[in-house]
Amino acid sequence: MTAQCSGFDIRLLGNLRITYAGRELPLRSAQRRAVFSALALTPERGLSRDELITAVWGDHPPASATGNLYTYVSALRRMLEPDRDRWSSGRVLTSEGGSYRLHLDADAVDVHRFERFRERSRAPRATGDTVGELAALDAALAQWRGDEALVGVPGPRAAGHRIRLGELYLTTVERQAELMLGLGRGAEVVDRLLALVDRHPARESLYAVAMRALAAQGRTAEALALYATLRDRLVEESGTEPAAAVRQIHDQLSAGSPAPARGPVPQRHPGFRGRSAALARLRSAVTGLADGRGGSVWISGEAGIGKSALLAEGLSGAAPLGVQVGWAVGDELAYRMPLSIVLECLSLGNDADGLPASLHACSGGAPPTLTVIDTVQRFVVARCAERPLLLVLDDLQWADDMSLLVWHALHKLTTRLPLLLVSAARPVPAGYEVRLLRRVLPRDGTTLVELGPLDDDTATALVRDWSRPPGPGAGTTRSFVAAAAGNPYYLRHLVLADHDGRTADTPGPELTDAVSRHLQPLADDTRQLLRAIAFLGNNYLVADLAAVTGKSAPQLVPAVEEALAAGFLVEDGRRLRFRHPVLRRVLRGAIPTALRVLMHRQFAQRLAEAGGDLGRVAGQLLAGPVPVDAWVQDWLTTHAAQLGAVAPAPAIAVLRHAVAAPGLSPSSRELLTAELARVLHRCGLPAEAEANWVSAHTGDAATRAEMSRIAGVDGPSPSVGPAVVGHR
């Protein structure tokens, strides 16, 4: 086994930079940067050749990709180990069994240092140790140079990590600013916050903390002006007001009161609509808790369906009823640190007095599981003796296994204590423990609430709420509602994209990023499957997917099952289709036009070679539309007659497209124009121009006679030329 190499410092949080022993190493081509970044992000394991090709070029690489990858790897080896003998395998970048690996300590890469320090902040946060949490966050943010990761690195893998790391960066900055405000150090963060507000004008949480930072420095007028800027933008773009948290800060500053501190309960979403049954269930549970009755509720639903908004709306009445509230939200780093999400939930507003020190030590995994469970239960019993207690875990799918075990154990207390446990989770990603918990808890009395799509009337009302006056027309509104299929997250982004003059077919960065974030947790094979379906459309069988992906139907099963479980696909007989049409449009529209045409051309040939339906092959040729090259010409001349018989509508469209192509051979143009005339005639459509052109150019007497009958004249009209045929 190759040892980890020391002396390297890899910087990905900003511009890509590699130094060894204090000397910077050059990385010239963009593709080399993409290969190196992909390897540096996963130093704990190797990446296969296919994974690296996908990282650089996506799902449809050029034919030269394998050779190019070999060239890039060779150049990287020379850069990383200039004194290495060309015949040796090397120590830093090795290859084995078709995969490549960088042998570096994880701490040599700034991304991993950032994530490690960020994880380290969770334990002091749970214990109310503000200074310790702030020190960890300071160390995490010190890894960044700027506020964008992987600057200038191309490829879909880098793009996905850029989105993920950017969100983690902003969340970390906001939390750091909150802590520094509490310590009276607002002057140190206000400039950074204002700069970030300029770069992220749609992020209301940034406005909230920036307004508080300005107010803390006596700059109340600037804080109110910042609010006015946000409000004007929201009214202009979506016809909505700022969220309740930002409005509350504004109202208190306007009244001359101090800006409110951030509370444990998320603010309600303005204009919340629908979900009456689920809201009634949550509010009833809160009322019962205030009267001393415990319980448990599990909210389940796909990404963007409104679980967090429902929790904020349905549980907003808990604190006014005198209920203690502990609230935690999982993220993709939470599972790496045992008990992190439960510790945060039990902090109860950063007031963890009485939480035993032995529980804090559990973050290192020292005490046995039963000791941890017993410690948490005794702490919760003590808090319930003071006042009713509501504990909320949102995005539970990210929780670590120890937290899930503790959460399960707490349910045993809900039957005898004023304890209400509320959790929300997506179906994907979900490890074994989450799936098991979801099956077991309803048997112990947990109410399971499946959050489905909004009905059309509610979705229509939301479009009106979010749109700038006078609002979109009825047809546009119906198209938004249909495209989002009841998902409020997608619906809102469609409305915002419309304000910028965009559609789902020409997605803006916000809509594309929203879809990318929801697809990111899926396996690579599942994301590739979804992109293939986006190009195929909704009228395709699993056999067609096997043809275009090059995988057998059994090999596709895990990816299909994950996409179905996540709510991205639904079964329609033997076919698969997107639950939300906007996903298909975004996935397809995010690909550059030239690459889309190439993909449709490849899919058409793969379907044809697999013996696929002729109409579906024609559909791929039309979707590009695909230029008529030699293969397309040969396929059409071979199958035009059969295509016209079984699928006349696509036959007419693809034949008209083909006979207009300037590079078509004379014999093929004559044959295809004749077939076009025949199918038009059979469908009762005008075919005189096509028939007359064939009659004028064919040397076959039988064909000439047939075309004359179709044209309804005795002979050809020599004045009709191919230009007329091609531009009908």
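Residues numbered from 1 in each chain as written. Predicted model: local features only at pLDDT ≥ 70, side-chain atom pairs only at ≥ 80, totals over all residues. Heavy atoms only, no water.

1. What about the overall build of the protein chain?
Then, number 1: What the protein chain contains, in helices and strands, is 34 helices and 13 strands.
Then, number 2: Here the protein chain, with 728 residues, has 51% of them falling under the buried criterion.
Then, number 3: In the protein chain, once contacts between residues fewer than 6 apart in sequence are set aside, the share between residues at least 24 apart is 69%.
Then, number 4: Entry remark: accessible area of the protein chain is about 31,200 Å², with carbon and sulfur atoms responsible for 51%. (Helix = DSSP H or I, 4+ residues; strand = E, 2+ residues; numbered from the N terminus. Buried < 20%, exposed > 50% of the residue type's maximum accessible area, 1.4 Å probe, protein only. Contact = heavy atoms within 4.5 Å. Areas by Shrake-Rupley, 256 points an atom, 1.4 Å probe, with all protein chains shown as cover.)

2. With respect to the packing of helix α23 (residues 524-536) against helix α26 (residues 581-589)
Then, number 1: Where α23 meets α26, the closest approach of the two axes is 9 Å, and the angle between their N-to-C directions is 95°. What the angle tells us is that α23 and α26 run roughly perpendicular. On α26, the residues touching Leu530, Arg531, Ile533, Ala534, Phe535 and Leu536 of α23 are Arg584, Leu587 and Arg588.
Then, number 2: The class makeup of the residues in the contact of α23 with α26 is six nonpolar, no polar and three charged. (Axes fitted to C-alpha atoms, helices over the stretch in contact; angles between N-to-C directions. Parallel < 35°, antiparallel > 145°, perpendicular 65-115°, else oblique. Nonpolar A, V, L, I, M, F, W, Y, C, P; charged D, E, K, R; others polar.)

3. Remarks on the sheet that holds strand β1 (residues 8-11)
Then, number 1: Read across the open sheet, the three strands follow the order β1-β2-β3; overall the sheet is antiparallel. Edge strands, defined here as strands with exactly one partner in the open sheet, are β1 and β3 (23-25). Across the sheet, the axes of successive neighbouring strands diverge by a mean angle of 25°, strand direction being ignored.
Then, number 2: Relative to β3, strand β2 (residues 17-20) is paired through three bridges, and the arrangement is antiparallel. In the strand pairing of β3, Tyr20 is matched with Arg23. (Pairing = 2+ DSSP bridges.)

4. Quick look at the environment of Arg464
Then, number 1: Positionally, Arg464 belongs in helix α19 (residues 456-466).
Then, number 2: Arg464 gets classed as exposed once you look at its relative accessible area, which sits at 57%.
Then, number 3: In this structure, the C-alpha to C-alpha distance between Arg464 and Val495, residues 31 residues apart in sequence, is 9.4 Å.

5. Some remarks on the packing of aromatic side chains
Then, number 1: Counted according to the given criterion, the structure contains seven aromatic pairs.
Then, number 2: With a centroid separation of 4.6 Å and 35° between ring planes, the pair formed by Phe8 and Tyr20 is classed as tilted. Taken together, the residues span a long stretch of sequence, with Phe8 in strand β1 and Tyr20 in strand β2 at a distance of twelve residues.
Then, number 3: Ring geometry for Phe114 versus Trp144: centroids 5.5 Å apart, planes at 85°, classification edge-to-face. With a gap of 30 residues between them, Phe114 in helix α4 (residues 110-120) and Trp144 in the loop between α6 (130-141) and α7 (156-182) connect regions that are remote in the sequence. In this structure, Phe114 and Trp144 share a single accessibility class: buried.
Then, number 4: Among the aromatic side chains, those forming a connected cluster through ring pairs are Phe114, Trp144 and Tyr169. (Phe/Tyr/Trp six-rings, centres within 6.5 Å; stacked < 30°, edge-to-face > 60°.)

6. Some details on the side chain of Arg669
Then, number 1: Locating Arg669 in the fold gives a position in helix α31 (residues 666-682).
Then, number 2: Buried charge Arg669 goes without a salt bridge, the closest partner of opposite sign being Glu670 at 9.7 Å.
Then, number 3: In this structure the side chain of Arg669 is engaged in a polar contact, spanning 2.8 Å, whose partner is the backbone oxygen of Ala661. (Lys, Arg positive; Asp, Glu negative; His and termini not counted. Salt bridge = Lys/Arg side-chain N within 4 Å of Asp/Glu carboxyl O. Polar contact = N/O pair within 3.5 Å; in protein donor to acceptor, adjacent residues only side chain to side chain.)

7. A few points about the environment of Gly624
Then, number 1: Inspection of the secondary structure puts Gly624 in the loop between α28 (614-623) and α29 (630-646).
Then, number 2: With a relative accessible area of 19%, Gly624 lands in the buried category.
Then, number 3: Along the sequence, Gly624 and Leu595 sit 29 residues apart, while their C-alpha atoms lie 9.5 Å from each other.

8. Structural notes on the packing of helix α1 (residues 30-40) against helix α3 (residues 65-80)
Then, number 1: As a packed pair, α1 and α3 sit with axes 10 Å apart at the nearest point and diverge in direction by 75°. When the interaxial angle is binned, α1 and α3 end up roughly perpendicular. Counted together, Gln31, Arg32, Val35 and Phe36 of α1 and Leu69, Tyr72, Ala75, Leu76 and Leu80 of α3 form the full contact between these two elements.
Then, number 2: Residues of the contact of α1 with α3, tallied by class, amount to seven nonpolar, one polar and one charged.

9. As for the pairing of β1
Then, number 1: Here four bridges tie β1 to β2, and the two strands are oriented antiparallel to one another. In the strand pairing of β2, Asp9 is matched with Thr19.
Then, number 2: Counted between consecutive antiparallel strands, the loop separating β1 from β2 contains five residues, among which Gly14 sits at a positive phi close to 135°.

10. Topic: the pattern of salt bridges
Then, number 1: According to the stated counting rule, one finds 27 salt bridges in the structure shown.
Then, number 2: Glu24 is the partner of Arg17 in a salt bridge, and the nearest nitrogen-oxygen pair spans 3.3 Å.
Then, number 3: Put simply, Arg383 and Glu386 hold a salt bridge, and the shortest N to O gap is 3.4 Å. Taken together, the positions of Arg383 and Glu386, both in helix α16 (residues 369-386) and three residues apart, correspond to about one turn of that helix.

11. What about the pairing of strand β8 (residues 324-329)?
Then, number 1: Counting buried residues in β8 gives five out of six residues, a clear majority hidden from the surface.
Then, number 2: Bridge count between β8 and strand β9 (residues 389-394): six bridges; the pairing is parallel. What sits directly across from Val325, in β9, is Leu390.

12. Examining the sheet that holds strand β5 (residues 93-96)
Then, number 1: The three strands lie next to each other as β4-β6-β5, forming an open sheet whose pairing is antiparallel. Looking along the sheet, the strands with just one partner apiece sit at the ends: β4 (47-48) and β5.
Then, number 2: In this sheet, strand β6 (residues 99-102) lies alongside β5 in antiparallel orientation, the contact comprising four bridges. The residue of β6 that forms the bridge with Thr94 is Arg101.

13. A short note on α7
Then, number 1: For α7, built from 27 residues, the straight-helix expectation of 39 Å at 1.5 Å per residue is met to within 8% by its first-to-last C-alpha distance of 40 Å.
Then, number 2: Burial runs high along α7: 21 of the 27 residues are buried.
Then, number 3: One or two steps after α7, the chain reaches Gly184, where phi turns positive at roughly 75°. (Expected span 1.5 Å × (residues − 1).)

14. Comments concerning the confidence of the model for the protein chain
Then, number 1: For the protein chain, mean pLDDT is 84; residues scoring 70 or higher make up 88% of the total.
Then, number 2: Predicted confidence for residues 362-366 stays below pLDDT 50, and this span has nine contacts to residues more than four positions away or in other chains.
Then, number 3: Every residue in residues 713-728 scores below 50 in pLDDT, and together they form 30 contacts with partners more than four places removed in sequence or on other chains. (pLDDT = per-residue confidence, 0-100.)

15. Structural notes on helix α27 (residues 593-609)
For an α-helix, the turn length of 3.6 residues means that residues three or four places apart are oriented alike.
Then, number 1: With 17 residues, α27 ought to run about 24 Å at 1.5 Å a step, and its terminal C-alpha atoms sit 24 Å apart, in line with that.
Then, number 2: The inward-facing, buried residues of α27 abut α23, α24 (542-549), α26, α28 and α29.

16. Focus on unusual backbone geometry
Then, number 1: Of note, Ala21 is a non-glycine position whose phi angle comes to about 55°, a positive value.
Then, number 2: Mapped onto the elements, Ala21 comes out in the loop between β2 and β3.
Then, number 3: On the accessibility criterion, Ala21 (64% relative accessible area) is exposed.
Then, number 4: Residues other than glycine seldom take positive phi values, yet Arg275 does so here, at roughly 60°.
Then, number 5: Judged by its relative accessible area of 14%, Arg275 falls in the buried class.

17. Remarks on the environment of Val597
Then, number 1: The topology assignment puts Val597 in helix α27.
Then, number 2: Judged by relative accessible area, which is 18%, Val597 ranks as buried.
Then, number 3: When the C-alpha positions of Val597 and Gln620 are compared, they lie 9.1 Å apart, and in sequence the two are 23 residues distant.

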